[in-house]
2 protein chains.
Amino acid sequence: MSKKVWFAGVSLAIGMGYVAGALAQAKPEVLVKQRQAAMTLQGKYYGPLAAMAQGKAPYNKDTVERNAEYLSVLDKMPWDGFAESTKDEKSVKTAALPAIWKDGDKFKQAQKNFQDEVSKLVQVSKGGDEAAVKAQIGAVGKACGACHGDFREKQQ
Amino acid sequence: MSKKVWFAGVSLAIGMGYVAGALAQAKPEVLVKQRQAAMTLQGKYYGPLAAMAQGKAPYNKDTVERNAEYLSVLDKMPWDGFAESTKDEKSVKTAALPAIWKDGDKFKQAQKNFQDEVSKLVQVSKGGDEAAVKAQIGAVGKACGACHGDFREKQQ
């Protein structure tokens, strides 16, 4: 396949603004949408674990292991979306508080805390100690809550 | 720490509807939001690779490797969001076409095709053959496009 034909094929397949979006400085509203997407998926995969930890859903080791692995990737994704350029973004509803940009070090520490707790969950979920897994699910939830407490508007 | 205190702590930390959401049959609008979130993040991490493949951004091996790994997790996430219950969902804007539920086997095959191409990208991105990596980025884009062509409303 000639180079020209190949590029034409690629252009066709990905003609959905992805390239343009990647090349331009990402727009603030895109950054907000992407970071919210990461949070949405963290909720999707954390929710069932929280239910298990609280005894409200049956414990399922496979689900915990899988979701912990997913969370250990998702926990890397929101943070570059909190760019300075999004500080005054009004076109997308966001609950991000000014403290994110006023106290960047503390915000970074909260991210690291969350990632560390998720890493521990990945490790412990591979073992057979259900009580330890449930305790660690709780620790992850506290890390979520600690960051939300400082850096997110209170939810109604 | 007593069990009671611990559960109270967990409940506090995760009092954001996650547990309720996980316990209840997930609402159609939640499923749509979650699957769209997965697509949004696929776009976030695929976009820069497409730009590299087209020669519109400098090639960066580390970024390709990282994003390929991210995509190999994200490519598992949208599909359970296309539940039957979302077929007639009107409260959230969705471009999902009825073909998703009319031709489920073809839709599953398109998912598998995408996942296979991403897996190949993960492998090839670990090597030093830039041309092969770029070709495989194109193959991933074609898999995105093929599924969108059959199962998503045309984008304006």
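Since this is a predicted model, take the numbers as computed values, not measurements.

What follows covers the overall build of chain A. Scanning chain A from N- to C-terminus turns up 7 helices and 0 strands. In sequence order, the secondary structure elements of chain A are arranged as α-α-α-α-α-α-α. In chain A, buried positions account for 43% of the 156 residues. Considering only contacts within chain A whose residues lie at least 6 apart along the sequence, 76% involve residues at least 24 apart. Accessible area for chain A stands at about 8100 Å²; split by element, carbon and sulfur atoms hold 54% of it.

The next point concerns the packing of aromatic side chains. How two aromatic rings sit relative to each other is given by the distance of their centres and the angle of their planes. Residue and element names in this part refer to chain A. Counted under the stated rule, the structure contains 10 aromatic pairs over all chains. Ring centres 6.2 Å apart and planes at 20 degrees place the aromatic pair Trp-79 and Phe-82 in the stacked group. Classification of Trp-79 as buried rests on a relative accessible area of 14%. Looking at Phe-82, the relative accessible area reads 14%, which means it is buried. Through a chain of ring-to-ring contacts, the aromatic side chains of Trp-79, Phe-82, Phe-107 and Phe-151 assemble into a single cluster.

Let us now look at the pattern of salt bridges. Scanning all chains against the criterion turns up 18 salt bridges over all chains. Of the charged contacts in the structure, one is a salt bridge between Lys-44 of chain A and Asp-80 of chain B, with a shortest N-O distance of 2.7 Å. Of this pair, Lys-44 of chain A sits in helix H3 (residues 28–53) while Asp-80 of chain B is found in the loop between helix H4 (61–74) and helix H5 (99–102), placing the two residues in two different chains. Using a relative accessible area of 13% as the deciding quantity, one classes Lys-44 of chain A as buried.

Let us look at the side chain of Lys-44 of chain B. In terms of polar contacts, Lys-44 of chain B uses its side chain to reach the side chain of Asp-80 of chain A, at 2.7 Å. Leaving out residues up to four positions away in the same chain, Lys-44 of chain B has contacts with Gln-34, Met-77 and Asp-80 of chain A.

Residues with a pLDDT of 70 or more make up 84% of chain A, whose mean pLDDT is 89. Taken together, the stretch residues 1–16 of chain A has pLDDT below 50 and engages in 21 contacts with residues farther than four places along the chain or on a different chain.

The next thing to look at is H3 of chain A. All names here are of chain A. Taking 1.5 Å of rise per residue, the 26 residues of H3 would be expected to cover 38 Å, and the 37 Å separating its terminal C-alpha atoms lies within 8% of that figure. Along H3, the sharpest change in direction is near 35 degrees and occurs at Tyr-46; proline Pro-48 comes one to four residues later. Counted residue by residue, H3 has 19 buried out of 26 residues, so it is predominantly covered. Just beyond H3, the residue with positive phi is Gly-55, at close to 75 degrees.

Quick look at the side chain of Gln-136 of chain A now. Among the structural elements, Gln-136 of chain A can be located in helix H7 (residues 130–151). Apart from residues no more than four positions distant in its own chain, Gln-136 of chain A is found in contact with Glu-117, Lys-120, Leu-121 and Val-124 of chain A.

All names here are of chain A. Close contact between H3 and helix H4 (residues 61–74) brings their axes to 9 Å; oriented N to C, the two are set at 145 degrees. You can see that H3 and H4 cross each other, and the crossing is left-handed. Residues Leu-41, Gln-42, Tyr-45, Tyr-46, Pro-48, Leu-49 and Met-52 of H3 form the contact with H4, whose own contacting residues are Thr-63, Val-64, Arg-66, Asn-67, Tyr-70, Leu-71 and Leu-74. Residue classes in the contact of H3 with H4 are distributed as 10 nonpolar, 3 polar and 1 charged.

End to end, H7 of chain A covers 32 Å across 22 residues, agreeing with the expected 32 Å (1.5 Å per residue, within 8%). Among all positions of H7 of chain A, only Val-133, Lys-134, Gln-136, Ile-137, Gly-138, Val-140, Gly-141, Ala-143, Cys-144, Cys-147, His-148 and Phe-151 of chain A are buried.

Residues and elements named next belong to chain B. Viewed as axis vectors pointing N to C, H4 and helix H6 (residues 104–125) meet at an angle of 150 degrees, and their least axial separation amounts to 9 Å. The orientation of H4 with respect to H6, classified from their angle, is roughly antiparallel. Handedness of the crossing formed by H4 with H6: left-handed. Of H6, the residues touching H4 (which contributes Lys-61, Val-64, Glu-65, Ala-68, Glu-69, Leu-71 and Ser-72) are Val-118, Leu-121, Val-122 and Ser-125.

Glancing now at the nonpolar core. Leu-41 and Met-77 of chain A together with Leu-41 and Met-77 of chain B are the most contacted members of the largest nonpolar core, which totals 68 residues. The contact partners of Met-77 of chain B, leaving out residues within four places of it in the chain, are Leu-41, Lys-44, Tyr-45, Tyr-70 and Leu-74 of chain A together with Ala-38 of chain B.

We now examine the environment of Val-140 of chain A. Residues and elements named next belong to chain A. Mapped onto the secondary structure, Val-140 falls in helix H7. Since its relative accessible area comes to 1%, Val-140 is described here as buried. Apart from the residues within four sequence positions on either side, Val-140 is in contact with Tyr-46, Phe-114, Glu-117, Val-118 and Leu-121.

Parameters at a glance
Residues numbered from 1 in each chain as written. Chains lettered and ligands numbered in written order. Predicted model: local features only at pLDDT ≥ 70, side-chain atom pairs only at ≥ 80, totals over all residues. Heavy atoms only, no water. Helix = DSSP H or I, 4+ residues; strand = E, 2+ residues; numbered from the N terminus. Buried < 20%, exposed > 50% of the residue type's maximum accessible area, 1.4 Å probe, protein only. Contact = heavy atoms within 4.5 Å. Areas by Shrake-Rupley, 256 points an atom, 1.4 Å probe, with all protein chains shown as cover. Phe/Tyr/Trp six-rings, centres within 6.5 Å; stacked < 30°, edge-to-face > 60°. Salt bridge = Lys/Arg side-chain N within 4 Å of Asp/Glu carboxyl O. Polar contact = N/O pair within 3.5 Å; in protein donor to acceptor, adjacent residues only side chain to side chain. pLDDT = per-residue confidence, 0-100. Expected span 1.5 Å × (residues − 1). Bend = angle between axes of the 7 residues up to and from the residue. Axes fitted to C-alpha atoms, helices over the stretch in contact; angles between N-to-C directions. Left-handed = near helix turned anticlockwise from the far one by under 90°. Nonpolar A, V, L, I, M, F, W, Y, C, P; charged D, E, K, R; others polar. Parallel < 35°, antiparallel > 145°, perpendicular 65-115°, else oblique. Core = buried A, V, L, I, M, F, W, Y, C linked by side-chain atoms within 4.5 Å.

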